[in-house]
Amino acid sequence: MLLTIEQVKKQFAETEVLRDISLHVEEGEFVALLGPSGSGKSTLFNLIGGIIEPDEGTISLNNKIIHGERGLIGYMPQQPSLFPWRTVLENVVLVQELSGKPNIQEAKEWLKKVGLEEFENAYPIELSGGMKQRVAFIRAMLSKQNLLCLDEPFSALDEFTRINMQKWLLSVWEANRKSILFVTHSIEEALFLADRIYILTKRPTMVKEEIIVPFKRPRDESLFNNEEFFHMKQEIFNLLKDELDEGL
Ligand code: ADP
Ligand code: MG
């Protein structure tokens, strides 16, 4: 088991955010987290990334507790935190710089794959929201860690770019088989990408349901027309509907 989260609780002042979260990600697995906004998905990622620590429970990577330890996972936060004084290319290689020698060639190839080759010397202020997301995404991909935590990585993209990025992520993942934990608001996105989906309740948050996604890989857009896909989408929608008073 790569990542194991056991009975984690987290409270901020009076707000009980995570009441009892247990979940796991196996080696090479693609797992999605789906839950109402404010349910603590980003909080959970901050816990895994060592930015904050749990009040109770344990978070382990390869059977070792990692509370408060940063740099062990590839992490793309919900707000792409790019350094304004660094160019796109300099932002992308940042994590590699911290751990040794950056591979400029590899970074440039990634920028090309996501259509940012002409922007490698641009500064973040010159980029759209979606472009910044792509930069932050590549930075996480280049981090060389076995677990990637992506917090709504495609939410600022238009529908067309989004589908392309999803397909592209799947092809990259199928080639590399890093483990991915992926937060999304989109039921379709979770079903399209993941092996398993954890559905979260509203706050105080627990795991409501674990769903095994049965679709064969490689997957493509034809899945959107699949009857079982449609059926599962409805089923998950109904599960989430009960949690909706915070908005989805
Ligand atoms: P989600 O990502 O599921 O939308 P968040 O994890 O961002 O939810 O937030 C969950 C709740 O925790 C929110 O009510 C938010 O205001 C609160 N929260 C998150 N981080 C902090 C913090 N550092 N201090 C205080 N409250 C926080
Ligand atoms: Mg969030």
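The structure presented is a predicted model; accordingly, all values stated were derived computationally and were not measured.

Attention shifts here to helix 4 (residues 104–113). Those residues of helix 4 not exposed but buried are Ala-107, Trp-110 and Leu-111. Projected onto a plane normal to the axis of helix 4, the buried residues spread over an arc of 100° and lie on a single side. Contacts from the buried residues of helix 4 go to helix 2 (88–92), helix 5 (129–141) and helix 6 (159–176). With a side-chain oxygen positioned 3.2 Å from the backbone nitrogen of Gln-105, the residue opening helix 4 is Asn-103. After helix 4 finishes, the residue Gly-115 shows a positive phi value of roughly 75°.

So, on to the sheet that holds strand 2 (residues 15–25). Sheet architecture is open: 10 strands sit in the order 5-4-1-2-10-9-3-8-7-6, paired in mixed fashion. Of all the strands in the sheet, just strand 5 (64–65) and strand 6 (74–76) have a single pairing partner and so form its edges. Of the strand pairs in this sheet, strand 1 (residues 3–12) and strand 4 (residues 56–61) are connected by five bridges, and their pairing is antiparallel. Its bridge partner being in strand 4, Leu-3 is matched across the sheet by Leu-61.

Moving on: the packing of aromatic side chains. Following the criterion strictly, the structure yields 11 aromatic pairs and no others. Feature note: the residues Phe-30, Trp-110, Phe-137, Phe-154, Trp-168, Trp-173 and Phe-182 constitute an aromatic cluster, connected by ring pairs. Positioned above the aromatic ring of Trp-173 is the side chain of Arg-177, whose terminal nitrogen or guanidinium carbon lies 4.0 Å from the ring centre.

This next bit is on the side chain of Arg-86. Position of Arg-86 among the secondary structure elements: in the loop between strand 6 and helix 2. A polar contact of 2.8 Å, which involves the side chain of Arg-86, links it to the side chain of Glu-97. In this view, Arg-86 contacts Asn-91, Leu-94, Glu-97, Tyr-123 and Pro-124; residues no more than four positions away in its chain are not counted.

What follows covers the domain arrangement of the chain. The assigned domain composition of the chain is domain 1 (3–73 + 146–246) and domain 2 (79–144). The interface is formed by 14 residues belonging to domain 1 together with 12 residues belonging to domain 2. For the pairing of domain 1 and domain 2, the buried interface totals around 1100 Å² over both sides, and the portion due to carbon and sulfur atoms is 70%. The largest share of the area that domain 1 buries against domain 2 comes from Leu-148, Trp-168 and Lys-178, three residues that together contribute 39% of it. On inspection of domain 1 and its partner domain 2, the count reaches zero salt bridges. At the boundary of domain 1 and domain 2, one finds four residue pairs in polar contact (both at pLDDT 80 or more).

Our focus in this paragraph is empty space enclosed by the protein. Empty space among the atoms becomes visible once a probe the size of a water molecule is rolled across them. All told, the structure shown has one cavity of 30 Å³ or more when counted by the stated rule. The volume enclosed by the largest cavity comes to roughly 30 Å³. Counting residues per element, the lining of the largest cavity draws most heavily on helix 6, which supplies four residues. In the lining of the largest cavity, the residues fall into six nonpolar, one polar and one charged.

The axes of two packed helices give the description: the angle between them and the distance between them. Running from N to C, helix 5 and helix 6 cross one another at 5°; their axes reach a closest spacing of 14 Å. Put simply, helix 5 runs roughly parallel to helix 6. Side by side, helix 5 and helix 6 meet where Arg-134, Phe-137 and Met-141 of the first sit next to Met-165, Trp-168, Leu-169 and Val-172 of the second. Here the residues of the contact of helix 5 with helix 6 sort into six nonpolar, no polar and one charged.

Parameters and conventions
Residues numbered from 1 in each chain as written. Chains lettered and ligands numbered in written order. Predicted model: local features only at pLDDT ≥ 70, side-chain atom pairs only at ≥ 80, totals over all residues. Heavy atoms only, no water. Buried < 20%, exposed > 50% of the residue type's maximum accessible area, 1.4 Å probe, protein only. Helix = DSSP H or I, 4+ residues; strand = E, 2+ residues; numbered from the N terminus. Arc of directions from axis to C-beta. Contact = heavy atoms within 4.5 Å. Polar contact = N/O pair within 3.5 Å; in protein donor to acceptor, adjacent residues only side chain to side chain. Pairing = 2+ DSSP bridges. Phe/Tyr/Trp six-rings, centres within 6.5 Å; stacked < 30°, edge-to-face > 60°. Lys NZ or Arg CZ within 6 Å of the ring centre and 35° of its normal. Domains from an automatic or database assignment. Buried area = accessible area lost by both parts, 1.4 Å probe. Salt bridge = Lys/Arg side-chain N within 4 Å of Asp/Glu carboxyl O. 1 Å grid on protein atoms, 1.4 Å probe; cavity = no way out; pocket = protein on both sides within 12 Å on 5 of 7 lines; lining within 4 Å. Points joined across faces, edges and corners; volume = space filled by probe spheres on them. Nonpolar A, V, L, I, M, F, W, Y, C, P; charged D, E, K, R; others polar. Axes fitted to C-alpha atoms, helices over the stretch in contact; angles between N-to-C directions. Parallel < 35°, antiparallel > 145°, perpendicular 65-115°, else oblique.

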